[in-house]
Amino acid sequence: MPPVSVKQLLRAAAFLALLMALEELAGCNLCKDEVLEKAASPDGKRVATVLTRDCGATTSEYTAVNLQDAKQRRLDGKNDVFVIKHLHPLHVFWQGNDSITIDCENCNLDQASKKLEKLGSVQVIYR
């Protein structure tokens, strides 16, 4: 096997640095969330968060309701129970520890890109 030149080592190091930078960027969330309202379940174990999410100029801003464990600090999109394009005034009301109502004013619920009826043990009611 021929010896490796300094030039080849520098190219390999630059390539690895580029790969690491791309991997770091891929893990970044470029979306900006703005929390509009939070409502804790009666037992305090869960939190429903109403938010707007803006992921940049190439996508529309949207409104979402996220439902997750109260101990979880960072919003996780997999816990979104309701997502609709553009900004809509909406509110959440707990009916008990396992039931929440989402009231979306001026919404056409058929236009929601995500509208779960249940997440875990929590039933989601829309009006």
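Because the structure is a prediction, the values reported are computed rather than measured.

**Some words on the sheet that holds strand β8 (residues 118-119)**
In space, the 4 strands of this open sheet follow the order β5-β6-β9-β8, with mixed pairing throughout. Here the strands that pair on one side only, and so sit at the sheet edges, are β5 (90-96) and β8.

**A closer look at the state of the cysteines**
Tallied over the full model, the rule gives 2 disulfides. The side chain of C31 participates in a disulfide bridge whose partner is C55; the two sulfur atoms lie 1.9 Å from each other. Measuring the twist about the S-S bond at about 105°, one finds the C31-C55 disulfide to be right-handed. You can see C31 sitting in the loop between α1 (6-26) and β1 (32-40) and its partner C55 sitting in the loop between β2 (46-54) and β3 (62-69), a full 24 residues away along the chain. Take C31: its relative accessible area is 25%, and that puts it in the partly exposed class.

**Observations regarding the pairing of β1**
Here β1 runs beside β2; their pairing, made up of 8 bridges, is antiparallel. Counterpart to V35 in the pairing with β2 is L51. Linking β1 to β2, which pair antiparallel, is a turn of 5 residues; within it G44 sits at a positive phi near 75°.

**So, the packing of aromatic side chains**
Tallied over the full model, the rule gives 1 aromatic pair. Residues F82 and Y126 carry aromatic rings whose centres are separated by 5.5 Å and whose planes lie at 45° to one another, so their mutual orientation is tilted. Note that F82 is positioned in strand β4 (residues 80-85) and Y126 in strand β9 (residues 122-126), a separation of 44 residues in sequence. The residues F82 and Y126 share a single accessibility class, namely buried. Against the face of Y126 rests K115, its NZ or CZ located 5.4 Å from the ring centre.

**Some words on the nonpolar core**
Ranked by size, the top nonpolar core spans 19 residues in total, and within it V65, F82, V92 and I102 carry the most contacts. Mapped by element, the contributors of at least two residues to this core are β2, β3, β4, β5, β6 (99-104) and β9. If we skip the residues at most four places from it in the chain, I102 touches V65, V81, F82, L90, H91, V92, V124, I125, Y126 and R127.

**Here we look at the side chain of H88**
Following the sequence through the fold, H88 ends up in the loop between β4 and β5. Its relative accessible area of 18% is what places H88 among the buried residues. At 3.1 Å, the side chain of H88 and the backbone oxygen of K85 are in polar contact. Apart from residues lying up to four places away in sequence, H88 is in contact with T63, C104, E105, N106 and C107.

**Some points on the sheet that holds β1**
Taken in spatial order, the 5 strands line up as β1-β2-β3-β4-β7 in an open sheet, and their pairing is antiparallel. In the strand order of this sheet, the two ends are held by β1 and β7 (114-115), each with one partner. Bridge count for β4 against β7 is 2 bridges, and the pairing is antiparallel. Paired with F82 across the bridge in β7 is K115.

Calculation criteria
Residues numbered from 1 in each chain as written. Predicted model: local features only at pLDDT ≥ 70, side-chain atom pairs only at ≥ 80, totals over all residues. Heavy atoms only, no water. Pairing = 2+ DSSP bridges. Helix = DSSP H or I, 4+ residues; strand = E, 2+ residues; numbered from the N terminus. Disulfide = S-S within 2.5 Å. Buried < 20%, exposed > 50% of the residue type's maximum accessible area, 1.4 Å probe, protein only. Phe/Tyr/Trp six-rings, centres within 6.5 Å; stacked < 30°, edge-to-face > 60°. Lys NZ or Arg CZ within 6 Å of the ring centre and 35° of its normal. Core = buried A, V, L, I, M, F, W, Y, C linked by side-chain atoms within 4.5 Å. Contact = heavy atoms within 4.5 Å. Polar contact = N/O pair within 3.5 Å; in protein donor to acceptor, adjacent residues only side chain to side chain.

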